[in-house]
Amino acid sequence: MDSSPTSILLCPPVDIKKDTNTGGVVFDSSLLRKQTKIPREFIWPLSERPSTPKELNAPVVDLQGFFQGDEASTLRAAELIRTTCMTHGFFQVTNHRVDASLAQDAFDCMDEFFRLPLSFKLRAKRKPGSIWGYAGAHSDRFSSKLPWKETLSFGYHEAGPEHMVVDYFTSILGKDFERMG
């Protein structure tokens, strides 16, 4: 009898499928919410992991002066945004005057979308060459391991139709998703 230790896989393998249209990988992220450990498909070798600072200090852009018509404050905010977009790629905005209930509604819509079954989210799947749509894992960009994320991108142009975002959600997901737009 063999007395060597055995390995026990505590989490089931992630159900990863090959996308026949793009050659990329599709997986059901709802399975990831139930995992107690990170599945091996998502653990990147140390040599491929990006180096990150212990704490990321996102620049803060305060728009109060802009809304008060203060030209110097507006110029400082614009310069901070320009510099930040060239270095960090993102920033935090304060005193933006976006109603807190509107921001919460946007978060609720996001949560609602990402809790949908994979088959439903794939109705909004990003088309090759497009920057709009749903993408899970972005596995087509990576060869060895999967990033643990999903995205939903859609466009907005001020000069576009008044209900551009509503039209996007209802045309892709149906009338029940009009609220998301």
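Now for a description of the structure that goes with this document.

## Observations concerning helix α5 (residues 164-173)
Point 1. Residues of α5 that are buried: M164, V165, V166, Y168, F169 and L173.
Point 2. Each element contacted by the buried residues of α5 is listed here: α3 (100-114), α4 (118-121), β5 (133-136) and β6 (150-153).

## Remarks on the nonpolar core
Point 1. Core analysis: the biggest nonpolar cluster contains 13 residues, and F113, A124, Y134, F169, L173, F177 and M180 have the highest contact counts within it.
Point 2. Residue assignment for this core shows that the elements contributing at least two residues are α3 and α5.
Point 3. Tallying contributions element by element places α5 first for this core, with four residues.
Point 4. With residues up to four places along the chain from it excluded, the contact list for F113 reads K121, A124, Y134, L152, L173 and M180.

## Comments concerning the environment of L152
Point 1. As for its position among the elements, L152 is in strand β6.
Point 2. Considering only alpha carbons, one finds L152 and I131, 21 residues apart in sequence, at a separation of 9.6 Å.
Point 3. In this structure, L152 is in contact with F113, F114, A124, G133, Y134, Y168 and F169, ignoring residues within four places of it in sequence.

## Focus on helix α2 (residues 71-87)
One turn of an α-helix holds 3.6 residues; hence residues three or four places apart share an orientation.
Point 1. In a regular helix each residue adds 1.5 Å, so 17 residues correspond to 24 Å; α2 covers 24 Å between its end C-alpha atoms and thus fits that length.
Point 2. Buried residues of α2: S73, A77 and T84, and no others. One face of α2 carries all of its buried residues, which in axial projection span an arc of 35°. Exposed positions of α2 whose direction lies more than 90 degrees from the buried face are E71, L75 and M86.
Point 3. Contacts from the buried residues of α2 go to β3 (60-62) and α1 (64-67).
Point 4. Of the residues flanking the end of α2, it is G89, one or two places downstream, whose phi is positive at about 95°.

## A short note on the pattern of salt bridges
Should the charged atoms of two oppositely charged side chains come close, the side chains can pair.
Point 1. Evaluation of the coordinates by the stated rule reveals two salt bridges.
Point 2. For E79, the salt bridge is made with R82, and the minimal N-O distance between the two is 2.9 Å. You can see E79 and its partner R82 sitting in helix α2, three residues apart, about one turn around the helix.
Point 3. On the basis of relative accessible area, E79 is assigned to the partly exposed category, the value being 37%.
Point 4. Taking relative accessible area as the criterion, R82 reaches 44% and is therefore assigned partly exposed.
Point 5. One salt bridge connects E150 with K121, and the closest N-O pair in it is separated by 2.7 Å. Of the two residues, E150 sits in strand β6 while K121 sits in helix α4, which places them 29 residues apart along the sequence. K121 carries the same exposure label as E150, and that label is buried.

## With respect to a nonpolar patch on the surface
Point 1. There is a patch of nonpolar side chains on the surface, built from I131, W132 and F154 and spanning about 300 Å² of accessible area.
Point 2. For I131, the position within the fold is in the loop between α4 and β5.

## With respect to the environment of M180
Point 1. Tracing the backbone through its elements, the reader meets M180 in the segment after α5.
Point 2. Linking M180 and E112, residues 68 residues apart in sequence, is a C-alpha distance of 9.2 Å.
Point 3. Sequence-distant contacts of M180, that is, excluding residues within four places in its chain, are made with C109, E112, F113 and F169.

Reading the values: rules and limits
Residues numbered from 1 in each chain as written. Predicted model: local features only at pLDDT ≥ 70, side-chain atom pairs only at ≥ 80, totals over all residues. Heavy atoms only, no water. Buried < 20%, exposed > 50% of the residue type's maximum accessible area, 1.4 Å probe, protein only. Helix = DSSP H or I, 4+ residues; strand = E, 2+ residues; numbered from the N terminus. Contact = heavy atoms within 4.5 Å. Core = buried A, V, L, I, M, F, W, Y, C linked by side-chain atoms within 4.5 Å. Expected span 1.5 Å × (residues − 1). Arc of directions from axis to C-beta. Salt bridge = Lys/Arg side-chain N within 4 Å of Asp/Glu carboxyl O. Patch = residues over 30% accessible without salt bridge, like charges linked within 9 Å, V, L, I, M, F, W, Y side chains within 5 Å. Areas by Shrake-Rupley, 256 points an atom, 1.4 Å probe, with all protein chains shown as cover.

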